[in-house]
Amino acid sequence: MKKINGGVCAPKGYKAGGICCGIKASSKKRDLALIYSEKLAVARAMYTTNKVRAASIIVTEEHLAGGELRALIVNSGNANACTGEAGIAAARRMCDLAADLFAISPRQVAVASTGVIGVPLNMAVIEGGMEALGNSLRADEAGHAAALEAIMTTDTRKKEASIEIEIDGIPVRLGAMIKGAGMIHPNMATMLGFITTDAAIEGDALEASLRRAVGRSFNRVTVDGDTSTNDVVIIMANGEAANKSISLGSPSFQIFAQALEDLCIDLAKALARDGEGATKLVTVTVSGAQDEKTAETLAMSVASSSLVKAACFGADANWGRILCAMGYSGAGFEPAQVDVAFAGSGEEVLVCRGGASIPFSEPDAKRILQSEELEIRIQAGAGAGAATVWGCDLTYDYVKINGDYRS
């Protein structure tokens, strides 16, 4: 596997673009994006588990019932959630407009939205921008970059990746863009994510690989404990690489699934690093648990703890908060078998052994905790279960950003 440039346009047969059409009057950034496959693509998605679902989620789920797509249209600046039947009509209209650009069926178009909840979507500006959006499409890195900017909201860092692998000696590419900095907590995929590939792959194999990748990446990210109304990850596979079609359980499936998982893990870490107001990426690894699920539950409880996150911000080696978070996770473990260490900048300090305090250097611990990439390493017993999750610290700026989000 090698990293390449191009994002969602790196695989063969894709174009992307983005424009500013003025969805949010106070913003002058690009806010409307389009990704287009020149051939009909096998497609799968995972959606938010929030019972309050945006109009885009409802419409995309309907359109993806057939398992195929040609295009994705995405807006930022407005979530089009909690907007009633008018919101559903607006989401359908977005698909119609995109379909008209290519003379395809609206059911071959998926739609996604992100932004403020509960505000009607201004369809007039979207309709007025469609010609420019179509003209913005490019099959190169510039097209990808324009689309990526258009889906971002409070993001301060671009989250993109593209890789090339070999399937039976044939180059196969995957490209991705995601957005998300707040309202991030796992119950699906915790953000908007769009993945393209030129692999030829059967639908059930694509479904299985996406679920595996999301389960070990985006579902192991937490920023603030909130799960959005708009979360979706969509993958399209157009077969342009001309490899032998990948089937579920085949050796080529294992190669593809692992590549997709690695791609998503890189993006998940970038998502956590860009948490709203965050100053550091916090990685929590639990090993020695009775199984992987137990390890994941313990790690997520620690990474989600507001007290642990605040201690990471303040560089306070308050390891008792870690055991406390493990204790209310609901997962089975023996507290007297827990060891805790902090690691960062090439150093590590053990702060707890056997669930109890041990002497350690506070200055060393503080220096490690000041690292921009901090790891909390937890040994939970003698089991074989291990899992890593990603989060960030909790800062003053998180409150500032979300205190006046609508303005």
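Calculation rules
- Residues numbered from 1 in each chain as written.
- Predicted model: local features only at pLDDT ≥ 70, side-chain atom pairs only at ≥ 80, totals over all residues.
- Heavy atoms only, no water.
- Pairing = 2+ DSSP bridges.
- Helix = DSSP H or I, 4+ residues; strand = E, 2+ residues; numbered from the N terminus.
- Contact = heavy atoms within 4.5 Å.
- Axes fitted to C-alpha atoms, helices over the stretch in contact; angles between N-to-C directions.
- Left-handed = near helix turned anticlockwise from the far one by under 90°.
- Nonpolar A, V, L, I, M, F, W, Y, C, P; charged D, E, K, R; others polar.
- Polar contact = N/O pair within 3.5 Å; in protein donor to acceptor, adjacent residues only side chain to side chain.
- Buried < 20%, exposed > 50% of the residue type's maximum accessible area, 1.4 Å probe, protein only.
- Core = buried A, V, L, I, M, F, W, Y, C linked by side-chain atoms within 4.5 Å.

Chemist: Would you take a moment to explain the sheet that holds strand β15 (residues 385-392) for this structure?
Modeler: Strands pair in a sheet through their backbones, by hydrogen bonds, and they do so in one of two ways: parallel or antiparallel. Spatially, the six strands line up as an open sheet ordered β13-β12-β11-β14-β10-β15, and their pairing is mixed. The open sheet has two free edges, formed respectively by β13 (356-357) and β15, since each of these has just one partner strand. The pairing of strand β10 (residues 281-289) with strand β14 (residues 373-379) spans seven bridges and is parallel. Across the sheet, Thr285 pairs through a bridge with Arg377, a residue of β14. Where helix α7 (residues 292-304) meets the sheet, its contacts fall on β10, β14 and β15, and the angle it forms with β15 comes to roughly 25°. Strands β11 (339-344), β12 (347-353) and β14 of the sheet are contacted by helix α10 (residues 362-369), whose axis makes an angle of about 120° with β12.

Chemist: Would you mind showing me how to read the packing of helix α5 (residues 203-215) against helix α6 (residues 251-273) here?
Modeler: α6 packs onto α5 with a crossing angle of 35° between their chain directions and a minimal axis gap of 9 Å. When the axes of α5 and α6 are compared, the crossing they make is right-handed. On α6, the residues that touch Ala205, Leu206, Ala208, Ser209, Leu210, Arg212 and Ala213 of α5 are Phe253, Gln254, Phe256, Ala257, Gln258, Leu260, Glu261 and Cys264. Among the residues forming the contact of α5 with α6, the class breakdown is ten nonpolar, three polar and two charged.

Chemist: Help me understand the environment of Arg273, please; the structure alone is not making it clear to me.
Modeler: Relative to the helices and strands, Arg273 is located in helix α6. Remark: the alpha-carbon pair of Arg273 and Asp393, spanning 120 residues in sequence, is separated by 9.2 Å. Ignoring any residue separated from it by four or fewer positions in sequence, one finds Arg273 in contact with Arg157, Ala278, Thr279, Lys280, Leu281 and Glu372. Of the polar contacts made by the side chain of Arg273, one reaches the backbone oxygen of Thr279; its length is 3.4 Å.

Chemist: Got a minute to help me understand the side chain of Thr114 in this structure?
Modeler: When you line up the elements, Thr114 lands in the loop between β5 (109-113) and α3 (123-135). Classification of Thr114 as buried rests on a relative accessible area of 9%. There is a polar contact of 3.0 Å between the side chain of Thr114 and the side chain of Lys179. With residues up to four places along the chain from it excluded, the contact list for Thr114 reads Asn75, Ser76, Gly77, Asn78, Ala79, Ile151, Thr153, Lys179, Leu192 and Asn230.

Chemist: Honestly, the pairing of strand β2 (residues 14-19) in this entry has me stumped. Any pointers?
Modeler: Within a regular beta strand, the side chains point alternately toward one face of the sheet and then the other, so they alternate between its two faces. Counting buried positions along β2 yields five of six residues, so the element is predominantly enclosed. Here β2 pairs with strand β3 (residues 32-47) via six bridges, running antiparallel. Paired with Gly18 across the bridge in β3 is Ala33.

Chemist: Would you mind showing me how to read the side chain of Asn238 here?
Modeler: Mapped onto the secondary structure, Asn238 falls in the loop between β9 (232-237) and α6. With relative accessibility at 7%, the residue Asn238 sits in the buried group. A polar atom in the side chain of Asn238 sits 2.9 Å from the backbone oxygen of Lys12. In this structure Asn238 touches Lys12, Gly13, Tyr14, Ser37, Lys39, Leu40, Ala41, Thr197, Asp198 and Ala199, once residues within four positions along its chain are discounted.

Chemist: In this structure, what is going on with the nonpolar core? I would like to understand it.
Modeler: Grouped together as the largest cluster of nonpolar side chains are 39 residues, with contacts concentrated most on Ile195, Phe218, Phe256, Leu260 and Leu263. Ranked by residue count, the leading element in this core is α6, at twelve residues. Residues within four places of Phe256 in sequence aside, it is in contact with Ile165, Ile167, Leu174, Thr197, Ala199, Ile201, Leu206, Ser209, Ile235 and Ile246. Ranked by size, the runner-up nonpolar core spans 35 residues in total, among them Ala295, Leu298, Cys312 and Cys352.

That's the geometry; what it means functionally is another story.
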